[in-house]
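An overview of the molecular structure
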Amino acid sequence: MTTTPRIALGALLDRSREVITSLQEPNGAYPASPSFSAYRGYCWFRDGAFIADGVSSAGEADSATAFFDWCAMVIAKHSTRIDDIVSAAAAGTPLPDEQMLPARFTFDGGLGADDWWDFQLDGYGTWLWAAAEHAERHGIDVAPWRDAAALTVDYLLSSWDRPCFDWWEEHSEGVHGSTLGCVAAGLAAAARAGLVDGERAERARHGAEQVVARLLNDATSDGHLVKWVGSVEVDGSLSALIAPLGVIGATSAIAEATRRRVSEHLESGGGVHRFRADTFYGGGRWPLLSCFLGLAYAAAGDVTEARRLLDWAASTADDEGMLPEQVDGDLSAPEYQQEWLDRWGPVATPLLWSHAMLLRLAAELGVEQAEVSA
Ligand code: BGC
């Protein structure tokens, strides 16, 4: 993989906005990847929240607002289930993983008929965080999202310390650093932005502090954040806790050590692997993770490093300006690549989350379309 772009950065940023807004459903749902066999027809809370944050930062406010409307619709649709989960947890008889909220929904807010690695908590924190950021960025009234935010806060407070699948839909036995970070960011942001108020806001604030304490006490090793409680490894998703989520101060010693470790252990030529033992499609490098690492560097003032990572992510676009989920070359486990190609077909392209992260990092660096295409 060279870093010679097939398409100029300015044109790619325009294309990214267009890919996301044109593929968004009329009710606000974002398909993760429109034609990829295993993702077709579903919208993830995690992907969607970061996609909305990306387009919000790029000026597509209406698209992001529509996504949060969709989240609110979905949460309302499953409110009875949330009430049951919260009551069972309060009674000391938590419901089994299969009855917890899923990672993804069909566009109409249904559960879908396909099996999935569904119990993942992070997206419920991430949508609250992204909605708060969006409202603050564009001066948007959060009133339409308050009922859903209250249900989501109650859900997270009832269940945040449970093991669940991670960002990569693996290791359901673990309590994951990135999941804790997303939950903490969401609880804190919901209270800060008035998505919840009164006594619930107090509980959200206190809950966020508890989650951060758990993260810092139990999900670190050798001064850096780790993949899950008990691990010594990093995961590419941990960069997000530094920025954009801001759970860890960007110039703190732990942020510095986490960036260094991710760069040393997972980055190669600007591309970032998910984790060392990754075998999915042979374990390639993910442009969206380069952008998260770039955001973490930018937040600490290292714009040179951030720009290097942005340029690598941009270089992964194909001739049509489509960004993939991951690229091959420099695979961690090449012997597994064919198995995934046979199972699910070529790597998901376009992946809307990749496009969104490019927009988000470009906005952070002040890389405007006019500047780069001039
Ligand atoms: C990734 C998830 C992502 C999903 C949809 C999976 O392969 O591991 O993080 O949410 O694809 O993009």
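Above this note sits the structure.
Residues numbered from 1 in each chain as written. Predicted model: local features only at pLDDT ≥ 70, side-chain atom pairs only at ≥ 80, totals over all residues. Heavy atoms only, no water.

As for empty space enclosed by the protein
The cut-off we apply is this: Here a cavity is any set of points on a 1 Å grid over the protein atoms alone where a 1.4 Å probe fits but cannot get out, and a pocket is any open set with protein on both sides within 12 Å along at least 5 of 7 lines; a residue lines the site when it has an atom within 4 Å of a point. Grid points are joined across faces, edges and corners, and a volume is the space filled by probe spheres set on the points. By definition, any uninterrupted DSSP run of H or I lasting at least four residues is a helix, any uninterrupted run of E lasting at least two residues is a strand, and each is numbered from the N terminus.
Under the definition given, this model contains 2 cavities of 30 Å³ or more. Considering only enclosed or pocket space, the largest cavity measures out at about 50 Å³ in volume. Along the walls of the largest cavity sit D166, W167, W168, H176, S178, K227, D235, S237 and L238, which together make up its complete lining. What the second largest cavity holds in volume is close to 40 Å³. Around the second largest cavity, the lining residues are W44, F45, R46, P102, A103, Q120, D122, G123 and Y124. At the level of secondary structure, the elements contributing two or more residues to the lining of the second largest cavity comprise α2 (45–57) and α5 (122–138). In terms of residues, the lining of the second largest cavity owes the most to one element, α5, which gives 3 residues.

Details of the sheet that holds strand β6 (residues 271–273)
Which entries qualify depends on this criterion: If DSSP finds at least two bridges between two strands, the strands pair.
Pairing is antiparallel across the open sheet formed by 3 strands, whose spatial order is β5-β6-β7. Two strands bound the open sheet, and with one partner strand each, they are β5 (267–268) and β7 (285–286). Bridging between β6 and β7 involves 2 bridges; their strand directions are antiparallel. Among the inter-strand pairings, H273 is bridged to a residue of β7, identified as R285.

A few points about helix α11 (residues 287–299)
Convention followed: What a helix should span is 1.5 Å times the count of its residues minus one. Remark: exposure states derive from per-residue accessible area (1.4 Å probe, protein chains only) relative to the maximum for the residue type, with buried under 20%, exposed over 50%, and partly exposed in between.
If you check α11, its first and last C-alpha atoms are 18 Å apart, about what 13 residues at 1.5 Å a residue would give, namely 18 Å. Taking burial as the measure, the 13 residues of α11 include 12 buried ones, the bulk of the element. Among the residues of α11, those classed as buried are P287, L288, L289, S290, C291, F292, L293, G294, L295, A296, Y297 and A298. Positioned one or two residues after α11, G301 has a phi angle of 95°, which is positive.

Focus on the site of the ligand
Rules: Proximity is defined per residue: if any heavy atom of the residue lies within 4 Å of a molecule or strand, that residue is considered near it. In protein, a polar contact means a hydrogen-donor-capable atom and an acceptor-capable atom, both N or O and within 3.5 Å, with residues adjacent in sequence counting only if both atoms are side-chain atoms; elsewhere, any N or O pair within 3.5 Å suffices. To measure how exposed things are, a 1.4 Å probe is used in the Shrake-Rupley method; for residues, cover is taken only from the protein chains shown. Put plainly, a molecule is in a cavity or pocket when over half of its atoms are within 2 Å of the grid points there. For this classification, the nonpolar set comprises Ala, Val, Leu, Ile, Met, Phe, Trp, Tyr, Cys and Pro, the charged set comprises Asp, Glu, Lys and Arg, and every other residue, Gly included, is treated as polar.
Not every one of the 13 residues close to the ligand is listed here, only the nearest: Y39, R46, D47, W167 and R274. The contact in question runs from an oxygen atom of the ligand to an N or O atom on the side chain of R46, over 3.0 Å. Contact between the ligand and D47: an oxygen atom at 2.5 Å from a side-chain N or O atom of the residue. For the ligand, whose accessible area on its own is 310 Å², the fraction buried by protein is 97%. Put simply, the ligand lies in the largest pocket. When the residues that make up the shell around the ligand are grouped by side-chain class, the tally is 8 nonpolar, no polar and 5 charged.

Description of the packing of α5 against helix α7 (residues 177–192)
Packed helix pairs are specified by the crossing angle of their axes together with the interaxial distance, meaning the distance between the axes. Convention followed: Working convention: axes come from line fits to C-alpha atoms, limited for helices to the stretch in contact. Angles between N-to-C directions cover 0 to 180 degrees. Angles are sorted into four bins: roughly parallel if under 35 degrees, roughly antiparallel if over 145, roughly perpendicular if 65 to 115, and oblique for all others. Whether a crossing is left-handed or right-handed is set by the direction in which the near helix is turned from the far one by less than a right angle, anticlockwise for left-handed and clockwise for right-handed. Any two residues whose heavy atoms approach within 4.5 Å at even a single point are treated as in contact.
Here α5 crosses α7 at 40°, and the two axes come no closer than 7 Å. As summarised for this structure, α5 and α7 are arranged oblique, according to the angle between their axes. Our pair here, α5 against α7, has a crossing hand that is left-handed. Here D122, G125, T126, L128, W129, A132, E133 and E136 of α5 come into contact with α7, specifically with T179, C182, V183, A185, G186, A189, A190 and R192. In terms of residue class, the contact of α5 with α7 is built from 8 nonpolar, 4 polar and 4 charged.

As for the environment of V142
Tracing the backbone shows V142 in the loop between α5 and α6 (146–159). The exposure class assigned to V142 is buried, which follows from its relative accessible area of 6%. Sequence separation of V142 and P34 is 108 residues, and the distance between their C-alpha atoms is 29 Å.

Some words on the packing of α11 against helix α12 (residues 303–315)
At a minimum axis distance of 8 Å, the contact between α11 and α12 shows a crossing angle of 165°. It follows from the interaxial angle that α11 and α12 lie roughly antiparallel. As α11 runs across α12, the sense of the crossing is left-handed. On α12, the residues touching P287, S290, C291, L293, G294, Y297 and A298 of α11 are E305, A306, L309, W312 and A313.

Some points on the pattern of salt bridges
Worth spelling out the cut-off: Salt bridge criterion: a side-chain nitrogen from Lys or Arg within 4 Å of a carboxyl oxygen from Asp or Glu.
A full pass over the atoms with the stated rule returns 27 salt bridges. Ionic pairing is found between R46 and E169, a salt bridge with its closest N-O pair at 3.2 Å. Of this pair, R46 sits in helix α2 while E169 sits in the loop between α6 and α7, and the two are 123 residues apart along the sequence. Both residues of the pair, R46 and E169, count as buried. Residues R200 and D154 are paired through a salt bridge, measuring 2.9 Å at the closest nitrogen-oxygen approach. Linking R200 in helix α8 (residues 198–218) with D154 in helix α6, this pair joins segments that are 46 residues apart in sequence. With relative accessibility at 27%, the residue R200 sits in the partly exposed group.

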